[in-house]
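Listed here are the chains, written in short residue letters.
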Amino acid sequence: MGHMSINFNENKIQYKYILALPLSSDPAPLHFTDIFEVFYYTPSLFENSIISLLKEKQPLEEVVKNIV
């Protein structure tokens, strides 16, 4: 499960990814490879918006409007 959100109280962009597996199963190396790729490349989809926000070229509300 992946999740990207904005914490308006702290003006932060948050991103996390959780691999949910049954307790009885052992994760295969392929699981980690796939998850790493998703985790690594997903923020790049929003790179321009994140950089605009960090450089204060766009207010947070405008960035949110553009990525939703």
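Focus on the overall build of the chain
Move 1: A count of helical and extended segments in the chain gives three helices and two strands.
Move 2: Relative to its length of 68 residues, the chain is extended, with a C-alpha radius of gyration of 15 Å against a globular reference of 11 Å.
Move 3: A principal-axis box enclosing the C-alpha atoms of the chain has dimensions of 45 × 20 × 15 Å.
Move 4: In the chain, which comprises 68 residues, the share counted as buried stands at 16%.
Move 5: Of the contacts formed within the chain by residues at least 6 apart in sequence, a portion of 27% connects residues at least 24 apart.
Move 6: For the chain, the accessible area works out to roughly 5700 Å², and carbon and sulfur atoms hold 58% of it.
Move 7: Separation between the mean location of the 5 positive side-chain charges and that of the 8 negative ones in the chain comes to 9 Å.

Some words on a nonpolar patch on the surface
Move 1: The grouping of Leu19, Leu21 and Phe32 at the surface amounts to a nonpolar patch, some 250 Å² of accessible area in total.
Move 2: As for its placement among the helices and strands, Leu21 is situated in the loop between strand S2 (12-17) and helix H1 (29-45).
Move 3: Note on Leu21: relative accessible area 32%, which makes it partly exposed.

Examining helix H2 (residues 47-54)
Think of an α-helix as 3.6 residues a turn; residues three or four steps apart then line up on the same face.
Move 1: Ser49, Ser52 and Leu53 are the residues of H2 that are buried. Mapping the buried residues of H2 onto a view down its axis gives an arc of 100°, with all of them on the same face. Exposed side of H2, more than 90 degrees from the buried face: Asn48 and Leu54 are the residues found there.

Criteria and thresholds
- Residues numbered from 1 in each chain as written.
- Predicted model: local features only at pLDDT ≥ 70, side-chain atom pairs only at ≥ 80, totals over all residues.
- Heavy atoms only, no water.
- Helix = DSSP H or I, 4+ residues; strand = E, 2+ residues; numbered from the N terminus.
- Rg over C-alpha atoms; globule rule 2.2 N^0.38 Å.
- Buried < 20%, exposed > 50% of the residue type's maximum accessible area, 1.4 Å probe, protein only.
- Contact = heavy atoms within 4.5 Å.
- Areas by Shrake-Rupley, 256 points an atom, 1.4 Å probe, with all protein chains shown as cover.
- Lys, Arg positive; Asp, Glu negative; His and termini not counted.
- Charge placed at Lys NZ, Arg CZ, Asp CG, Glu CD.
- Patch = residues over 30% accessible without salt bridge, like charges linked within 9 Å, V, L, I, M, F, W, Y side chains within 5 Å.
- Salt bridge = Lys/Arg side-chain N within 4 Å of Asp/Glu carboxyl O.
- Arc of directions from axis to C-beta.

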